[in-house]
Amino acid sequence: MKTIAQIAAELQGYDPQALPAKAVLDFLQRLVTPVTESTELPLFDSLGKVLSADVISPMDVPPHDNSAMDGYAFDGRQLQANTPLQLRVVGTALAGKAWIGEAGLGDCVKIMTGAIMPVGLDTVVPQEMVTQLEPLNGETTFVLIPPGLLKPGDNRRLRGEDLAQGRPALLKGQVITPARLGLAASLGLPCLPCWRPLRVAYFSTGDEILSLGEPPREGAVYDSNRYTTFGLLKRLGCEVIDMGVVKDDPALLEAAFRSAAAQADAIISSGGVSVGEADYTKAMMKKLGDVAFWRIAMRPGRPMAVGRIAAETSDSAGTPGSQKPGAVLFGLPGNPVAVMVTFLAFVRPALLQMMGCTDSAAPLLKAHSQEPMRKKAGRTEYQRGWVSTSADGSLQVRTTGNQGSGVLSSMAEANGLIMLHHEQGNVAVGDLLDVMMFDGAI
Ligand code: AMP
Ligand code: MG
């Protein structure tokens, strides 16, 4: 496990007073380590968890060649370019009830979707393509297939085309989505190997912060950061430990940090990390841990503290103890929008890495700007945006009102974060912008 100083020494041009967003991500990637404990979870409990091992398919899916349509199965070698094909119906194959028999040239078998293909037959003509011919003697039915519509093999699903036996069906590090849950079920697997969920403790700091239920008072604001943080962590599938609002008091802060570090893999605090902040939050982080204090070249969300808080620095006899490596600390700024932006930009990828997740990159969309924007090169700016489809079908994005870092309504009205990159300058109408969509994260 590397110290803050060791990581800083590895990064070229590391300047904690003007750290580019990219350098923050590089730093965090070196700081955090994935969880190591894994458990087998029943399928219904595994949704949203991260796979701790590859899942190898124990069987072919589908297990037999079968029909993709309701229609008639026949030997496709008989198809000719210009001549209709007349076939005698010799039986019926149902899903779950195979037709046992021999169908030769000139024969076909009425077949339902999902039914096993009869031996020797490789092609299915959908019911609506054929003409039924009048029974000749009341027993045998014939169908007529028009030419030019089919090729051999059409409308047949091949054994193992979804998943082949012995091949990896799901990969270690993937998040278990509804589709992956269904896929595991289609293999007959009742349980999946999952990394244990991450435990994240969070609290808000500041004397002016009110908990819900407290009466309003002059100069005080209700705590919103704990609620946005709670929501963001829940969407990630973390186990959350809510530690409330902690007043700006050294004893209370020390107790909160120690208790959080003892229980959690990561701690998210908000407030008290600004430069010149006249409070005890930063002092306590310094005392209890190995912490870097940054000014990030970004807007909103410039100040941030990052490091580790020791679970226990000494036992009652004063000797250094504790096997626990300490919890990773994300000391976020206080402003409500800054909290959400720094979470999405930096904390989320770091937590996903800790969760053992390998497919963690948030997808970026390209959308045309509907408005000009002023942007200073040399910092990354995150604007709250609304992406929609324009009349010509391309994606467009506008900002959602007041972009102040305390204005949470701009966040509540947005469906994505517009990323104006470090080197980017002013934006003109029509420019293509990168947008990090909230879907699934927020
Ligand atoms: P700070 O980073 O502590 O200087 O806080 C910056 C601004 O964010 C101040 O206006 C705080 O009142 C506000 N703020 C800090 N924490 C919270 C919170 N938990 N909920 C809402 N606003 C907050
Ligand atoms: Mg404060």
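Conventions adopted
- All residue numbers here refer to positions counted from 1 along the written sequence of the relevant chain.
- Both sets of labels track the order of writing: A upward for chains, 1 upward for ligands.
- Two thresholds apply to this predicted model, a pLDDT of at least 70 for residue-level local features and 80 or more for giving and counting side-chain atom pairs, whereas whole-chain, interface and lining totals are computed over all residues.
- Where side-chain values are given, they derive from all heavy atoms of the structure, hydrogens and water being excluded.
- Think of it this way: any DSSP run of H or I at least four residues long counts as a helix, any run of E at least two long counts as a strand, and we number them from the N terminus.
- Pairing between two strands requires that DSSP report at least two bridges joining them.
- For every element, the axis is a line fit to its C-alpha atoms; helices are fit only across the contacting stretch, and the angle between N-to-C directions ranges from 0 to 180 degrees.
- Each angle receives one of four descriptions, namely roughly parallel if under 35 degrees, roughly antiparallel if over 145, roughly perpendicular if within 65 to 115, and oblique otherwise.
- When the near helix sits turned anticlockwise from the far one by under a right angle, the crossing is termed left-handed; a clockwise turn instead gives a right-handed crossing.
- Whether two residues are in contact is decided by their heavy atoms: any pair within 4.5 Å suffices.
- Gly is put with the polar residues, along with every residue not named as nonpolar or charged; the nonpolar set is Ala, Val, Leu, Ile, Met, Phe, Trp, Tyr, Cys and Pro, and the charged set is Asp, Glu, Lys and Arg.
- The span expected for a helix works out to 1.5 Å for each residue beyond the first.
- Under this definition, polar contacts are N or O atom pairs within 3.5 Å; protein pairs additionally need one hydrogen-donor-capable and one acceptor-capable atom, and for neighbouring residues in sequence, both atoms have to be side-chain atoms.
- A cavity here means a set of points on a 1 Å grid, drawn over the protein atoms and nothing else, where a 1.4 Å probe fits but cannot get out; a pocket is an open set with protein on both sides within 12 Å along at least five of seven lines, and a residue lines either one if it has an atom within 4 Å of a point.
- Grid points are joined across faces, edges and corners, and a volume is the space filled by probe spheres set on the points.
- An automatic or database domain assignment supplies the residue ranges for each domain.

A. Inspection of unusual backbone geometry at higher detail. Val61 connects to Pro62 through a cis peptide bond whose omega is -10°. When you line up the elements, Pro62 lands in the loop between strand E2 (55-56) and strand E3 (66-67). Residues Arg299 and Pro300 are joined by a peptide bond in cis, for which omega reads -5°. Take Pro300: it is sitting in the loop between strand E19 (298-299) and strand E20 (303-309).

B. Examining the pairing of strand E26 (residues 432-437) more closely. Across 5 bridges, the pairing between strand E22 (residues 364-369) and E26 is antiparallel. Bridge pairing links His368 to Leu432 in E26. Here 4 bridges tie strand E25 (residues 416-420) to E26, and the two strands are oriented antiparallel to one another. Bridge assignment links Leu417 to a residue of E26, and that residue is Met436.

C. Seen up close, the packing of helix H2 (residues 21-31) against helix H8 (residues 336-354). Two elements in contact, H2 and H8, have axes whose closest approach is 10 Å; the angle formed by their N-to-C orientations is 25°. Comparing the axis directions of H2 and H8 gives the class roughly parallel. Between H2 and H8 lies a crossing whose hand is right-handed. On the side of H2, the interface is formed by Ala21, Val24, Leu25, Leu28 and Gln29, while H8 contributes Ala345, Phe346, Pro349, Ala350 and Gln353. Residue classes in the contact of H2 with H8 are distributed as 8 nonpolar, 2 polar and no charged.

D. Expanded view of the sheet that holds strand E5 (residues 85-93). Strand order in this open sheet of 6 strands is E7-E4-E6-E5-E9-E8, and the pairing throughout is mixed. Both edges of this open sheet fall to strand E7 (123-126) and strand E8 (131-133), since each of them pairs with a single strand only. Each adjacent strand pair in this sheet contributes to an overall mean axis angle of 40°, direction not counted. In this sheet, strand E9 (residues 141-145) lies alongside E8 in antiparallel orientation, the contact comprising 3 bridges. Pairing of Leu133 across the sheet is with Phe142, part of E9.

E. Broad picture of the sheet that holds strand E21 (residues 327-332). The 6 strands lie next to each other as E16-E13-E17-E21-E20-E18, forming an open sheet whose pairing is mixed. Each end of this open sheet is capped by a strand with a single partner; those strands are strand E16 (239-246) and strand E18 (289-295). Between one strand and the next, the sheet's axes are offset by a mean angle of 15°, whatever the strand orientation. Bridge count for strand E13 (residues 199-205) against E16 is 6 bridges, and the pairing is parallel.

F. Here's a closer look at helix H6 (residues 250-263). Taking 1.5 Å per residue as the helical rise, H6 with its 14 residues ought to reach 20 Å, and the 20 Å between its terminal C-alpha atoms agrees with that figure. Buried positions along H6 lie against E13, E16, strand E17 (266-270), helix H7 (281-288), E20 and E21. Where H6 begins, the side chain of Asp249 points an oxygen toward the backbone nitrogen of Ala251, at a separation of 2.9 Å.

G. View of the environment of Pro363. Take Pro363: it is sitting in the loop between H8 and E22. Taking the C-alpha atoms as reference points, Pro363 and Met436, separated by 73 residues in sequence, lie 6.3 Å from one another.

H. Quick look at empty space enclosed by the protein. Per the counting criterion, the structure on display carries 2 cavities of 30 Å³ or more. Lining the largest cavity, in full, are Gly48, Lys49, Val50, Trp195, Arg196, Pro197, Leu198, Gly237 and Met355. Among the domains, domain 1 (4-37 + 196-354) and domain 2 (44-57 + 168-194) are the pair contributing at least three residues each to the lining of the largest cavity. Volume-wise, the second largest cavity comes out at about 30 Å³. Tyr202, Phe203, Ser204, Asn225, Arg226, Thr229, Ile268, Ser269 and Ser270 are the residues that line the second largest cavity.

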